[in-house]
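Results of the structural survey
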Amino acid sequence: MTDVETLRSLAEDAAAYIPEHPGCRRIVHDRYLAEIGPDPAHDMNVVSRLRLGESVEETVRDVRRLYLDAGRDTCTWEVSTASTPDGLGERLLAVGMTPDDPPRMLALACTSEPASPTAGVMVEQVHTDEQFDEVRRVLEDEDEDDGWSPSDEWLHGPPSVTRYLARIDGEAVATADITWLDHPDAIFLGGARTVPHARRRGAYRALVHARWQAARDAGRSVIVTQSEPMSQPILAQLGFEPVGKIDVYVDRFAP
């Protein structure tokens, strides 16, 4: 059984356990971990594992310069329960950052079977170009404001990411993924979205179970994720427990 502090670290600072890949540049500093993603959107460029001590303003200047040099003018800062110093969120606001929408995520962990297969929902691993196109259509979904069009690089992902599709009556209605962490016991759940007309029909639940099954088949017993408010109630019902929290701030800056 993984101890509570390790569960918190895996869930709050998951980026530190994600294998580096060519599409993403990673800067590991003793005060932070910065990911420069394949897309300029702020949520693709994330600063986490913050251990700033009293070097807050200096570190913000250094990180902004780092992202500007990479052609980025925005990024996201994740302040977890393990971040230092105390009151870090207020100091980030004071240097011009703003809360993200939503402003907080829960760091969740599950160490037992979280769901059962769902009748009428079929889940498959994504391998073919046709399946990747279906993933894109689920994510874009022009009927919803939160739809987005991923780049080809993000869509196909690095070897550490496995994508899944859920179907109802043959239609691809939901997608989600696993990131295989650099930890022998754990995986990270992410990338979940269900098209509006298929919500509340069990697709999300089925995708959780399929990914748990894949983890178990690989000899991994811990599932962690970072959850926004929309998915927190169902994850709680499935047995995920909070092990930490993450306050999210967006930094926008100019040369």
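Preceding this section is the structure that the text describes.
Residues numbered from 1 in each chain as written. Predicted model: local features only at pLDDT ≥ 70, side-chain atom pairs only at ≥ 80, totals over all residues. Heavy atoms only, no water.

1. Here's the deal with the side chain of Glu35
- Turning to its location among the elements, Glu35 is positioned in strand 2 (residues 33-36).
- Since its relative accessible area comes to 10%, Glu35 is described here as buried.
- Ignoring any residue separated from it by four or fewer positions in sequence, one finds Glu35 in contact with Ala15, Cys24, Arg25, Arg26, Met44, Asn45, Val46 and Tyr67. (Helix = DSSP H or I, 4+ residues; strand = E, 2+ residues; numbered from the N terminus. Buried < 20%, exposed > 50% of the residue type's maximum accessible area, 1.4 Å probe, protein only. Contact = heavy atoms within 4.5 Å.)

2. Observations concerning the sheet that holds strand 1 (residues 25-28)
- Taken in spatial order, the 11 strands line up as 1-2-3-4-11-5-10-9-8-7-6 in an open sheet, and their pairing is mixed. In this open sheet, the two strands that pair with only one neighbour each are strand 1 and strand 6 (121-125). Neighbour-to-neighbour, the strand axes of the sheet open up by a mean angle of 25°, direction not taken into account.
- Sheet topology note: the strand 8 (residues 171-180)/strand 9 (residues 186-194) ladder contains 6 bridges and is antiparallel. Bridging across to strand 9, Thr175 finds its partner in Arg193. (Pairing = 2+ DSSP bridges. Axes fitted to C-alpha atoms, helices over the stretch in contact; angles between N-to-C directions.)

3. A closer look at the side chain of His209
- Position of His209 relative to the elements: it lies in helix 6 (residues 203-217).
- Judged by relative accessible area, His209 falls into the buried class, the value being 9%.
- Not counting chain neighbours up to four residues away, the residues in contact with His209 comprise Glu113, Ala115, Ser116 and Pro117.

4. Overview of helix 1 (residues 4-12)
- Taken together, the buried positions of helix 1 are Leu7, Leu10, Ala11 and Glu12.
- Looking at the packing, one finds that the buried side of helix 1 touches strand 4 (74-80), strand 5 (98-110), strand 9, strand 10 (222-227) and strand 11 (241-252).

5. A short note on the pairing of strand 4
- For strand 4, the buried fraction is high: 7 of the 7 residues fall into the buried class.
- Residues Thr74, Thr76, Glu78 and Ser80 of strand 4 are buried on one face, and the alternating residues Cys75, Trp77 and Val79, pointing to the opposite face, are buried as well.
- Of the pairings in the sheet, the one linking strand 3 (residues 45-48) to strand 4 comprises 2 bridges and is parallel in character. Its bridge partner being in strand 4, Val47 is matched across the sheet by Trp77.

6. Describing the nonpolar core
- Ranked by size, the top nonpolar core spans 29 residues in total, and within it Val173, Ile178, Ile187, Ile223 and Phe240 carry the most contacts.
- Mapped onto this core, the elements with two or more residues apiece are strand 5, strand 7 (161-168), strand 8, strand 9 and helix 6.
- Residue contributions to this core peak at 8 residues, all from helix 6.
- Among residues more than four places away in sequence, those in contact with Val173 are Val138, Ala166, Ile168, Arg193, Thr194, Val195, His197, Ala198 and Ala203.
- Among the nonpolar cores identified, the runner-up in size contains 20 residues, and Val60, Leu92, Met97 and Phe253 belong to it. (Core = buried A, V, L, I, M, F, W, Y, C linked by side-chain atoms within 4.5 Å.)

7. Looking at helix 4 (residues 129-140)
- The end-to-end C-alpha separation of helix 4 is 16 Å, in line with the 16 Å expected for 12 residues at 1.5 Å each.
- Where helix 4 is buried, its residues meet strand 6, helix 5 (152-156), strand 7, strand 8 and strand 9.
- Directly after helix 4, the chain includes Asp141, whose backbone phi takes a positive value near 30°. (Expected span 1.5 Å × (residues − 1).)

Note that every value here comes from positions in space, so none of it alone points to a role or purpose.
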